Amino acid sequence: MAMCVASPVSINSLSPVRLLSSVLQSNTKRSFFISFKTLRISISSSSSSSNQRSAFTAAASMAYARELDVAKKAASLAARLCQTVQKALLQSDVQSKSDKSPVTVADYGSQAVVSLVLQRELPFGSFSLVAEEDSGDLRKSESQETLKRITELVNDTLSSDATYSKSPLSEDDVLAAIDTGKSEGGPHGRHWVLDPIDGTKGFVRGDQYAIALALLDEGRVVLGVLACPNLPLAPIGHPHQDSVQTQVGCLFSARIGAGTDMQLLHGSSPMKVHVSTIENPAEASFFESFEAAHSLHGLSSSIAKKLGVQAPPVRIDSQAKYGALARGDGAIYLRFAHQGYREKIWDHAAGFIVVTEAGGVVADAAGNALDFSKGRYLDLEKGIVVTNQKLMPSLLNAVRDAVREESESASSL
Ligand SMILES: Nc1ncnc2c1ncn2[C@@H]1O[C@H](COP(=O)(O)O)[C@@H](O)[C@H]1OP(=O)(O)O
Ligand SMILES: [Mg+2]
Ligand SMILES: [Mg+2]
Ligand SMILES: [Mg+2]
């Protein structure tokens, strides 16, 4: 039995996926100690390959498990704050950012809550957060009342969880928590990616929205959580399907290699979900943005027509579309932003892994995989398409033809 001293390797400094594959590839007489904060595995090179395999399986099944639990807790608490605000939505709770998109006290409050929970629950190692909001507008003198309200909401939300101390946060604490979201992300290290309210327009309207949180490790999305407070547990987008199920509020969670789960947002055990297995486009239905300003509805309908889709589009706000697709409510999601709009990583990272771990495929209009390692923006060709493995080739053909026809008709004008 080989006995040697190995230096511990911190999960914070090495990607578990890379680390585990290096363990399996090694044939030297060494032992490895992998410290996953809570998981400590020793692998001796003299052990059998089946031992190595089971060590790999054990480690792989545990990788990012603690982080996923914390992400679920953070998104659920943020959702509680958002639900409080949506119930009592006042005109003064909605502001306009300099880019003219609406932002509510709930967007800021949700971002502060998620940042604070992640930092408190995962205190070791550096903390990097790529998030949508910043405190610039809140620091202006006319925003004093708004900041006071956000601080109250954050304190009330955190104190609703028994594990947090009652000592209240100051307005400066809340501003600082919001501003942790200024990271640029990138291909190295770990970065949390957050949209504190995805689909603010849906939120303001009283419709669908999501709290979307993901973790990047070495440029790859390794986990994601979508809290969708207004999404029914019963399938949506099936007009002929009557359901007695009236519960609302879903939490989707996915970890690399471990599949996608769905549970009730405030209770119930997780269950595995899977994308639709439909192969015939005539039986498929497709999702797109509720807001015509967010996606070219005309292009989507010409793609759907080419593909032979019969059903009308199902239009809902936010990454709730990715969640609904991950559990098979519809088979296709089409998103073609207007010219000049740049897609952000927080608008897709959590949805991406929720769908891919449920067996789906996410690509740009040219069929390229999405690359989340380039900073705050996604660099992509034309649009984003999502479906199951079987439908993707014919969907990409239809997209190519429709995009070509669209540009030919634009150039003939
Ligand atoms: N002009 C735009 N084009 C495309 N997407 C947009 C635009 N403005 C905001 N968004 C973002 O689109 C997403 C919602 O789109 P949809 O609900 O249509 O799928 C949100 O992330 C929203 O940001 P936000 O997070 O501020 O709501
Ligand atoms: Mg916004
Ligand atoms: Mg968004
Ligand atoms: Mg947002």
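This report concerns the structure included in the present document.

1. Topic: the site of ligand 1
Then, number 1: Close contacts around ligand 1 come from 15 residues, with D198, S289, S318, K321 and D347 the closest.
Then, number 2: For ligand 1, an oxygen atom lies 2.8 Å from a polar atom in the backbone of T200.
Then, number 3: One of the side-chain N or O atoms of Y341 is found 3.2 Å from a nitrogen atom in ligand 1.
Then, number 4: Contact with the protein chains covers 87% of the free accessible surface of ligand 1, which is 560 Å².

2. Considering the coordination of the magnesium ion (ligand 3)
Then, number 1: Taken together, the protein donors to the magnesium ion (ligand 3) comprise D195 (OD), D198 (OD) and D347 (OD), at separations of 1.9 to 2.2 Å.
Then, number 2: Counting residues between consecutive donors of the magnesium ion (ligand 3) along the chain gives the motif D-x2-D-x148-D.
Then, number 3: Taken as a pair, the magnesium ion (ligand 3) and the magnesium ion (ligand 2) show a spacing of 5.4 Å. Highlighted residues: D195 in strand β7 (residues 190-198) and D347 in the loop between β15 (332-335) and α10 (349-356), separated in sequence by 152 residues. You'll find D195 and D347 in the same group, each marked buried.

3. Some remarks on the packing of helix α4 (residues 105-121) against helix α5 (residues 144-159)
Then, number 1: Direction vectors running N to C along α4 and α5 enclose 45°, while the axes themselves pass 9 Å from each other. Considering the angle they form, α4 stands oblique to α5. As for the relative orientation of α4 and α5, their crossing is right-handed in sense. In this structure, α4 uses V105, Y108, G109, A112, V113, L116, V117 and R120 to contact α5, whose residues at the interface are T146, R149, I150, L153, V154, T157 and L158.
Then, number 2: Class assignment for the residues of the contact of α4 with α5 results in ten nonpolar, three polar and two charged.

4. Examining α4
Then, number 1: Here α4 contains 17 residues, and its C-alpha end-to-end distance of 24 Å stays within 8% of the 24 Å for a straight helix at 1.5 Å per residue.
Then, number 2: Most of α4 is tucked away, with 15 of its 17 residues classed as buried.

5. Regarding the sheet that holds strand β8 (residues 210-217)
Then, number 1: Here we have seven strands laid out as an open sheet, ordered β6-β7-β8-β9-β10-β11-β12, and mixed in their pairing. In this open sheet, the two edge strands, each paired with only one partner strand, are β6 (129-131) and β12 (271-273). Here the average twist between neighbouring strands, direction ignored, is 20°.
Then, number 2: Direction of pairing for β7 relative to β8: antiparallel, over a ladder of seven bridges. Bridge assignment links L194 to a residue of β8, and that residue is L213.
Then, number 3: Strands in contact with α4 are β6, β7 and β8; relative to β7, the strand with the most contacts, it is inclined by about 150°.
Then, number 4: Seen against the sheet, α10 touches β7, β8, β9 (220-232), β10 (248-255) and β11 (260-264) and runs at an angle of roughly 95° to β9.

What counts as what
Residues numbered from 1 in each chain as written. Chains lettered and ligands numbered in written order. Predicted model: local features only at pLDDT ≥ 70, side-chain atom pairs only at ≥ 80, totals over all residues. Heavy atoms only, no water. Near = heavy atom within 4 Å. Polar contact = N/O pair within 3.5 Å; in protein donor to acceptor, adjacent residues only side chain to side chain. Areas by Shrake-Rupley, 256 points an atom, 1.4 Å probe, with all protein chains shown as cover. Donors = N, O, S within 2.8 Å, 3.2 Å for Na, K, Ca; no water. Helix = DSSP H or I, 4+ residues; strand = E, 2+ residues; numbered from the N terminus. Buried < 20%, exposed > 50% of the residue type's maximum accessible area, 1.4 Å probe, protein only. Axes fitted to C-alpha atoms, helices over the stretch in contact; angles between N-to-C directions. Parallel < 35°, antiparallel > 145°, perpendicular 65-115°, else oblique. Left-handed = near helix turned anticlockwise from the far one by under 90°. Contact = heavy atoms within 4.5 Å. Nonpolar A, V, L, I, M, F, W, Y, C, P; charged D, E, K, R; others polar. Expected span 1.5 Å × (residues − 1). Pairing = 2+ DSSP bridges.

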